[in-house]
Amino acid sequence: MEVSNKLINMFTVTCQDISVISDAFSKEMVLGLAGEKSTLKMLPSFLAMPSGMETGSFLALDFGGTNVRAEGIKLLGAGKWAINGRKAIPLKSLEGQYDYISAETPAEDLFDFLAKIVTSVMEPGNTYALGYTFSFACSQASVSRAKLISWTKEIKTAGVEGKEVGALLKEALDRQGANSVTPVAIINDTVGTLLTAAYIDGSADIGAICGTGYNSCYFDSTTGMIINMESGNFAALPINVYDEQLDAMSEKPGTQRLEKLVAGKYLGELVRLVAVDLLGIKAEPYSLTSEDMAVLVTLDYYENPVLTNLTAYEIKIVRDIARMVVERAARLVAATFLGVLNHIDAELKEKHIIAIDGSLYEKMPNYKEAVNKAINEMLGEKAVNIKLELVKDGSGVGAAVAAASALLAENNY
Ligand code: GLC
């Protein structure tokens, strides 16, 4: 048995498809900005681009849905920084002792957990401004006031949707005796990634996360702000029967359609659904992770417990499916980057750095290459002005840069 042409077609994104998708993406950006019906939320961050000269010591808290991380960060100016202390803990223990992202967990428990991690990197007696990366769709009233619109990435903690996440954190910090810490900026992880890149190089103007989730932001020169697009919710896409199945069984069907085709949380599940259909394999939902996929795509023979009882030949088929799923993800993501570029500089006259963080972009074999290849295919010579750059720890440094900008803005009023 081979992977059929029908299946290959279902997962192939042609140049023609990319062109249609990127045009639709640009149009949805315009609609979203005008407050009209759009799958792109286009959320203002209340942050402009940094000058690169921001300085000072800050705490940074990063909550993205998989781990929580707190860091002490000293911004030195001229695009430089130093890290003073760092702690990272998963939100759900592997051994099943705790789970802060389940529907049974009340908001207070989750935020107390976050606050404790913050206190573990503090030095006694100091007062701190904290930059808080909260990697979910939030509507912001100012840089320090952000309300969670709705959870994504299958997170379910009770009592957080519709609430001010800065206030929830501040109350938890107070309960932990850390009232010397003030959250001064709340940002999305895409915004943190862009701020970090722009702190070093002013030509960075697009930020993206290709990790557990998928999202992107850009600097909007009309409003003078970075806009979090929540592009994982983009929906003008060719969707196949497996995408439909995955969506129907997800926590929030009908939402985050692009994310469910391209993000690390879902790639393994898509492969599992195809493999169940084609080979009748028995494997629990979400048992094939993107870490498994990263191994699977490179091997001829693969001994994952998820794939027991398969012959080496069948495993090769699963591997081929995994490769198709990864390549489709990369090409769809490239299409969205082209949509943003088209909106901000249709002629591509300027240099643009697209700052990207996330485990898929960093670690998934052939992913980064496939994104770059699609951009080159579509732009030809004009691609010289576009640079995709891996930016690590954007959420930490970016949160500190955001905190510094927020304090500067406050002092200027
Ligand atoms: C999800 C969130 C978004 C975040 C992305 C990457 O799409 O809704 O806010 O940026 O994941 O973590």
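Quick caveat: nothing in here was measured; it's all calculated off a predicted structure.

Draft legend 1. Summary view of the packing of helix α8 (residues 264-279) against helix α10 (residues 312-344). Interhelical geometry of α8 versus α10 gives an angle of 140° and a closest axis separation of 9 Å. If you check the angle between α8 and α10, you find them oblique. Relative to α10, α8 is oriented so that their crossing is right-handed. Two secondary-structure elements touch here, α8 through L267, L270, V271, V274, A275, L278 and L279 and α10 through E314, I317, V318, I321, A322, V325, R328 and A329.

Draft legend 2. Up close: empty space enclosed by the protein. Under the criterion given, the structure shown has 1 cavity of 30 Å³ or more. Approximately 80 Å³ is the volume found for the largest cavity. Lining the largest cavity are L43, P44, S45, F134, F136, C138, Q140, I186, I187, N188, V191 and N228. Contributions of two or more residues to the lining of the largest cavity are made by β1 (43-44), β6 (137-142) and β8 (181-187).

Draft legend 3. A look at the pairing of strand β4 (residues 80-90). Pairing between strand β3 (residues 67-77) and β4: 9 bridges, direction antiparallel. Paired with L75 across the strands is W81, a residue of β4. Joining the antiparallel neighbours β3 and β4 is a turn of 2 residues, in which A78 adopts a positive phi near 50°.

Draft legend 4. Inspection of the pattern of salt bridges at higher detail. Per the counting criterion, the structure on display carries 19 salt bridges. A salt bridge links E164 to R145, with the shortest nitrogen-to-oxygen separation between them at 3.0 Å. On the criterion of sequence distance, the pair formed by E164 in the loop between β7 (145-150) and α4 (165-175) and R145 in strand β7 is long-range, its members being 19 residues apart. Exposure remark for R145: the relative accessible area of 45% places this residue in the partly exposed category. If you follow the salt bridges from partner to partner, you end up with D62, R69, E71, R86 and D393 in one network.

Draft legend 5. Region of interest: unusual backbone geometry. With a phi angle near 70°, E154 is a residue other than glycine that sits in the positive phi range. Within the secondary structure layout, E154 lies in the loop between β7 and α4. Its relative accessible area of 17% is what places E154 among the buried residues. Backbone geometry places L348, a non-glycine residue, at a positive phi of 55°. Classification of L348 by relative accessible area gives buried; the value is 9%.

Thresholds, definitions, all that
- Residues numbered from 1 in each chain as written.
- Predicted model: local features only at pLDDT ≥ 70, side-chain atom pairs only at ≥ 80, totals over all residues.
- Heavy atoms only, no water.
- Axes fitted to C-alpha atoms, helices over the stretch in contact; angles between N-to-C directions.
- Helix = DSSP H or I, 4+ residues; strand = E, 2+ residues; numbered from the N terminus.
- Parallel < 35°, antiparallel > 145°, perpendicular 65-115°, else oblique.
- Left-handed = near helix turned anticlockwise from the far one by under 90°.
- Contact = heavy atoms within 4.5 Å.
- 1 Å grid on protein atoms, 1.4 Å probe; cavity = no way out; pocket = protein on both sides within 12 Å on 5 of 7 lines; lining within 4 Å.
- Points joined across faces, edges and corners; volume = space filled by probe spheres on them.
- Pairing = 2+ DSSP bridges.
- Salt bridge = Lys/Arg side-chain N within 4 Å of Asp/Glu carboxyl O.
- Buried < 20%, exposed > 50% of the residue type's maximum accessible area, 1.4 Å probe, protein only.

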